[in-house]
Amino acid sequence: MFFLSQTLIVAGLSLMFVNVYRYIGYLKNRKEVSLEQNVGNRVLDYVIFVLILSFAVVYAIILSLSIHSIWIGIILSSGSLFVFLVLTWIFQLIESLKNSSFTISETLIGVLEARDPNLDGHSLHVQDLTMLIYDELPLDIRRKINRENLKYASLFHDVGKLGIPEAILNKPGKLNEEEWAIMRQHADISVKLLKPMKSFDSISNWILFHHERCDGHGYHNIPGDEIPVESRIIAVADTFSAITMSRSYKPARSYEEGVEILKEVSGTQLDPKIVDAFLHIPENEVKECTNKVKERMERAFRQNHGIT
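So, here's what we can say about the structure. Quick caveat, the model's predicted, so the values are computed rather than measured.

## So, the overall build of the chain
For the chain, the helix and strand inventory stands at 14 helices and zero strands. In the chain, the succession of α and β elements from N to C terminus is α-α-α-α-α-α-α-α-α-α-α-α-α-α. Within the chain, buried positions represent 44% of all 308 residues. Partitioning the intrachain contacts of the chain with sequence separation of at least 6 by distance along the chain shows that 71% fall at a separation of at least 24.

Rendered as structure tokens:
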């Protein structure tokens, strides 16, 4: 009886520490833009964490007292199992909400870009390429980046172009100096458009500085070592997408041409480490991004025009 009761308590204690570990992981990801971050939510998060941790401590104390009651063992093991199941349900619900939020965001961007031949699928393409680059980066770099936030930043990086006059966006020839001055405002406009959504504050600089150059001659003349790594990743994806997608002022160029241009501007315009990561992505995966974007844009077009 003593062995059984102790076994149940040990099982309950082990599972409770698993609950603590899972909740710590949740708190680390709490800064994702898809999750609301008001003060009340943060306080509640940490109150729940303290309670779970306190339960684990109490379990450990009870185990040290060598209590012989099997009912105590059953209650404690059942309690930790209940907490485990509740957390599982909460995390699944949160994941479902996050997926729905991102799907809605993708659809919105798709519908907006489907109206403009020079934006048609560009943001979705950059998003897919960005995530391919992220997955190819060394582990020490990935650990410093919130993957979910990077998805949102890459998706919304050019939303400010919706505030640029169509005459400039769709101009078939080169832009003059005055037009370029207006075009360079699109990153700032993107940040302004997203500012009402406070959760986007953590990624606003990633969007704002995605046109900065390693040589310091970008839109805001930010030195290379001060450019957020997330902005550098988006910059490589954005550059390749701009090269290989058609525009009103130029035809699409091939994968091979895009790769050669990335190599040429590596170290001056683009971060060489990020470019190197991109070059290690299998060619078929990069090309598959384009095919996926075309399918998604077709769905957005049908939705925009009420076609079933």
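Continuing now.
## What about the packing of helix α4 (residues 122–136) against helix α13 (residues 272–279)?
Between α4 and α13, the least distance of the axes is 9 Å, while the angle of their chain directions is 100 degrees. In terms of orientation, α4 lies roughly perpendicular with respect to α13. For the pair α4 and α13, contact is made by Leu129, Ile133 and Glu136 and by Ile274, Ala277 and Phe278, respectively. Residue composition of the contact of α4 with α13, grouped by class: five nonpolar, no polar and one charged.

## Some details on a nonpolar patch on the surface
Taken together, the side chains of Val43, Val47, Leu51 and Phe55 present a nonpolar region at the surface, about 340 Å² in accessible area. Along the chain, the position of Val43 falls in helix α2 (residues 39–64).

## Topic: α13
Given 3.6 residues per turn, any residue in an α-helix points the same way as the ones three and four places further on. For α13, the full list of buried residues reads Ile274, Val275, Ala277 and Phe278. Across the axial projection of α13, the buried residues extend over an arc of 155 degrees, all falling on one side. Sitting at the amino-terminal end of α13 is Asp271, which places a side-chain oxygen 2.8 Å from the backbone nitrogen of Lys273.

The rules behind the values
Residues numbered from 1 in each chain as written. Predicted model: local features only at pLDDT ≥ 70, side-chain atom pairs only at ≥ 80, totals over all residues. Heavy atoms only, no water. Helix = DSSP H or I, 4+ residues; strand = E, 2+ residues; numbered from the N terminus. Buried < 20%, exposed > 50% of the residue type's maximum accessible area, 1.4 Å probe, protein only. Contact = heavy atoms within 4.5 Å. Axes fitted to C-alpha atoms, helices over the stretch in contact; angles between N-to-C directions. Parallel < 35°, antiparallel > 145°, perpendicular 65-115°, else oblique. Nonpolar A, V, L, I, M, F, W, Y, C, P; charged D, E, K, R; others polar. Patch = residues over 30% accessible without salt bridge, like charges linked within 9 Å, V, L, I, M, F, W, Y side chains within 5 Å. Areas by Shrake-Rupley, 256 points an atom, 1.4 Å probe, with all protein chains shown as cover. Salt bridge = Lys/Arg side-chain N within 4 Å of Asp/Glu carboxyl O. Arc of directions from axis to C-beta. Polar contact = N/O pair within 3.5 Å; in protein donor to acceptor, adjacent residues only side chain to side chain.

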